[in-house]
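Residue-level listing of the chains:
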Amino acid sequence: MTLISFVVPAFRVQGYLRECLDSILGQPFGDLEVIGVDDASPDAGGDILDEYAARDPRVTALRLSRNVGLGPARNAGLDRATGEYVWFVDGDDWLAPDCLPEVADRLRTTRPDVLVVDHVRTHWNDTATRSAMTEVFPEPPGEATFRLRERPETLHLLHTAWNRLVRREFLVELGLRFAPGWYEDVSFTYPVLLAAERIGVLDRVCVNYRQRRAGAITRTRGDRHFEVFAQWHRVFQLLDRWGPAVAELRPAVFERMVWHQLTVLGNGERIAPALRPAFFAQMTADYRRFRPPEGYPAPGGLEGLKHRLVAAGRWRTFSALRAANLARATARSTTRRALPVARRTARLTRDAVLREYYRAELRRPIDETLAVYAAYWYRGYACNPAAVHAAARRLAPQVRGVWIVRRDRVETLPPGTEYVVAGTRAYYRALARARWLVNNVNFPDFVRKRPGSVHLQTHHGTPVKVMGLDQQRFPLGAVGMDFAGLLRRVDRWDYSVTSNSFSTQMWDRAYPASYTTLEVGYPRNDRLVTATAEEVLAVRDRLGLGPDERVVLYAPTHREHLPRYRPPFHPEQLLDVLGPSGRLLIRSHYFHDRDGRARRRTRGRAVDVSDHGSVEDLYLAADVLVTDYSSAMFDYAVLDRPIVVYAPDRDAYLLARGVYFDVTAEPPGAVALTFPELLEVFRSGAVTGADAQQARQRFRARFCALDDGHAADRVVRRVFLGEPA
């Protein structure tokens, strides 16, 4: 029999599900199975489960025909489980590395009905908060098992399903299932502890409990939080049914009920002010209904006062007490913020006049016909915003498109393009009054999201390296990043354009907010799909490339953690291998051109094209792309031409910068880890060999399926014309 069956329900957790599954399957322990349950999720969660099941026999993917909720989804997984123990791990959490051997050893040596493990709360800003384990058990409980009446303090551990393993036959004999609705853990975890003959506690952190910035029910306001009462009613119904066997534990369970309901009420992100009196009234009713005749261990101090107010039904006094506590907390917070506010004000004084002008313009009506475009920090007409702009001129001519550019980039704009120069009065006026704001990076922090305005984030690549909040785990690659400021900018987004399901999943976790995802393909790649042979020849001619020359484009990515690093690359040696018909185009990352000093330099058959205005031109002109961790490979793959991954610093890059997947393990073509290997790839013909072609087809199927030449049209129809998806 398998020792551990993991049941992993998945609903709207596509950005986190891979990390969860990898944390289980990557453990140095193999006696396990994973039952992944797609709870009719509207995202790619089910596809991810299918993908893992196809490549790992330990994984079973179960797709439900309709959304049933977390509790019933766990039940569906439990019905498929075959292991001796069941561990319900939520799809947005993940296991600590190397924890399973210790868990398995404890299970095998003590054979508990329930084994509770420790956890940490991992917050979106990459901080962690320890659990109450050390407070509940100041002295580690060791390996001895016990019944709940012997250690009733165990009830004070967090009442979730994912921090405990339960013997499957014990569950079957008990007939215990998860109830539907929110707070389903309550009516499962407390009865499990009440009925268990052998409870074990492992004081080792095994679970990272993700505190999501958006999407969790604990951060969602609504009347569904009233469902907590029904879950506690189920607990007391079982107490009544089991009678004398658990009667002595009723006071301790009652205290937990009052504590939990107070916690739900006290969280301002759950119960709206208008609903709080009714919630409090139900608490009072439950207090009077379930209070043990012999009393219960009520806390002292302020918490004890809250209990007494609930018992007496004194909502007004309770509300006034809460308001006073919030006022004190606000006063302390204001004092702490005073110094940072002063510093920020000092930094803004140099352009206070223009910012005041911007604020005045914000009070004027929105221009319902104005769309403002920008790309790469105002570097010019480029990328997805340029493609959307071109499509909008054709499909929505009533929309007036204005570009923001730096003064030194004005001459790069296509003739007839309307623009404003960054930093001018016209710039601030356009930002303040535009109906649509389109960018492939974020607009500056001072930009405010006006009611009625629409912010479209197009991004500028499929993510290989980790981005957004995920960079907090790789501090060497995130020096100087202001993650709180980043999230304020992300909160302005109304739409986020993605090129494939993988990008959607990664942006969900890197940029958690309430925007709408447009998974439609990349607008900038439309040109690559629709380009004719004549256009390719014309582009090559403009670049001075002959029709019979073999053109290699080398486009490495930027190393934020090593700004002066350049991968070892010797153009002359590569050209010797390519032969007399070979030409080499070299393009640095756009970060290297921020000072505007990069210039095109020709060195025989090797040409520096770093300042060429259109990277799409270079893709069309090239016969082969050589890159490393750049998103260029995803765009170039649309052309179905050979790609070589050249990653001489792979191990260091993965460690310092972090990646969502290793392109050397799942490449779009041939792979070289040293420059001599790169030369051999071309010398041997591996660049166009059968293995490289098969790898490219797998890559294209996964990442390029939506690039059909109409992505920009889909964006314009949804965002500018309001047509349904």
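Novice: Quick question: what am I supposed to make of the nonpolar core here?
Specialist: It is characteristic of soluble globular proteins that their nonpolar side chains tend to be buried jointly. Of all hydrophobic cores here, the largest spans 64 residues; its most connected members are F88 and W232. Here this core takes eight residues from helix 9 (residues 250–266), the largest share from any one element. Sequence-distant contacts of W232, defined by excluding residues within four places in its chain, comprise V186, Y190, V253, R256, M257, H260 and Q261. Ranked by size, the runner-up nonpolar core spans 50 residues in total, among them V539, L620, F661 and C704.

Novice: Sorry if this is basic, but what is going on with unusual backbone geometry here?
Specialist: The phi torsion of most residues other than glycine is negative, and most of the peptide bonds are trans. Despite not being glycine, R12 shows a phi value in the positive range, around 55 degrees. Relative to the helices and strands, R12 is located in the loop between strand 1 (4–10) and helix 1 (14–25). Non-glycine residue D98 carries a positive phi angle of around 65 degrees. Assessed through its relative accessible area of 48%, D98 is described here as partly exposed.

Novice: Is there a simple way to think about the pairing of strand 2 (residues 32–38) in this case?
Specialist: In the case of a regular strand, side chains alternate between the two sheet surfaces. Among the seven residues that make up strand 2, seven are buried, leaving the element largely enclosed by the rest of the structure. A two-sided burial pattern is seen for strand 2, the buried positions comprising L32, V34, G36 and D38 on one face and E33, I35 and V37 on the other. Handedness of the strand 1-helix 1-strand 2 crossover: right-handed. Relative to strand 3 (residues 59–63), strand 2 is paired through five bridges, and the arrangement is parallel. The residue bridging V34 from the neighbouring strand is V59, located in strand 3.

Novice: Mind showing me how you'd approach the packing of helix 8 (residues 227–242) against helix 9 here?
Specialist: The relative placement of two packed helices comes down to the angle between their axes together with the axis-to-axis distance. Axis separation between helix 8 and helix 9 bottoms out at 11 Å; the angle between their running directions is 180 degrees. Considering their axes alone, helix 8 and helix 9 lie roughly antiparallel with respect to each other. Here helix 8 contributes V228, F229, W232, V235, F236, L239 and D240 to the contact with helix 9, which in turn contributes R250, V253, F254, R256, M257, H260 and Q261. Looking at the contact of helix 8 with helix 9 residue by residue, the class counts come to nine nonpolar, two polar and three charged.

Novice: Would you mind going over the confidence of the model for the protein with me for this structure?
Specialist: A low pLDDT means the predicted coordinates there should not be read in detail. Averaged over all residues, the pLDDT of the protein equals 91, while 92% of them reach at least 70. Here residues 590–602 is modelled with pLDDT under 50, and outside its nearest four sequence neighbours on either side it reaches 27 contacts, counting other chains as well.

Novice: Any chance you could explain the pattern of salt bridges here in plain terms?
Specialist: Once the charged atoms of two side chains with opposite charge are near each other, the side chains can pair. One pass over the structure, following the stated rule, counts 49 salt bridges. The salt bridge involving R540 is made with D623; its shortest N-O contact spans 3.4 Å. Taken together, the residues R540 in helix 19 (residues 533–542) and D623 in the loop between helix 21 (615–621) and strand 21 (624–627) connect sequence positions 83 residues apart. What makes D623 partly exposed here is its relative accessible area of 28%. Among the ionic contacts, a cluster of salt bridges with common partners joins E19, R210, D470, R473 and R509.

Novice: I tried to follow empty space enclosed by the protein on my own but got confused; where do I start?
Specialist: A probe matching the size of a water molecule, rolled over the atoms, marks out where space remains unfilled. Scanning the model with the defined rule gives six cavities of 30 Å³ or more in all. Together, 16 residues line the largest cavity, and H123, W124, R210, D470 and R473 are the ones closest to its centre. Residue classes in the lining of the largest cavity are distributed as five nonpolar, four polar and seven charged. What lines the second largest cavity is L437, N439, V441, N442, F443, H455, L456, Q457, R489, R492 and W493. If you list the elements that add at least two residues to the lining of the second largest cavity, you get strand 13 (434–439) and strand 14 (454–457). At three residues, the largest contribution of residues to the lining of the second largest cavity is made by strand 14. In terms of residue class, the lining of the second largest cavity is built from five nonpolar, four polar and two charged.

Novice: Just checking my understanding: could you explain the environment of W436 for this structure?
Specialist: Assignment of secondary structure puts W436 in strand 13. We classify W436 as buried; its relative accessible area is 4%. Separated by 63 residues in sequence, W436 and Y373 place their C-alpha atoms 8.4 Å apart. If sequence neighbours within four positions are ignored, W436 has contacts with E368, T369, L370, A371, V372, V399, V454, V719 and F720. Engagement of the side chain of W436 in a polar contact is seen with the backbone oxygen of V719, the distance being 3.3 Å.

Rules behind the numbers
- Residues numbered from 1 in each chain as written.
- Predicted model: local features only at pLDDT ≥ 70, side-chain atom pairs only at ≥ 80, totals over all residues.
- Heavy atoms only, no water.
- Core = buried A, V, L, I, M, F, W, Y, C linked by side-chain atoms within 4.5 Å.
- Buried < 20%, exposed > 50% of the residue type's maximum accessible area, 1.4 Å probe, protein only.
- Helix = DSSP H or I, 4+ residues; strand = E, 2+ residues; numbered from the N terminus.
- Contact = heavy atoms within 4.5 Å.
- Right-handed = clockwise from strand over helix to strand, strands pointing away.
- Pairing = 2+ DSSP bridges.
- Axes fitted to C-alpha atoms, helices over the stretch in contact; angles between N-to-C directions.
- Parallel < 35°, antiparallel > 145°, perpendicular 65-115°, else oblique.
- Nonpolar A, V, L, I, M, F, W, Y, C, P; charged D, E, K, R; others polar.
- pLDDT = per-residue confidence, 0-100.
- Salt bridge = Lys/Arg side-chain N within 4 Å of Asp/Glu carboxyl O.
- 1 Å grid on protein atoms, 1.4 Å probe; cavity = no way out; pocket = protein on both sides within 12 Å on 5 of 7 lines; lining within 4 Å.
- Points joined across faces, edges and corners; volume = space filled by probe spheres on them.
- Polar contact = N/O pair within 3.5 Å; in protein donor to acceptor, adjacent residues only side chain to side chain.

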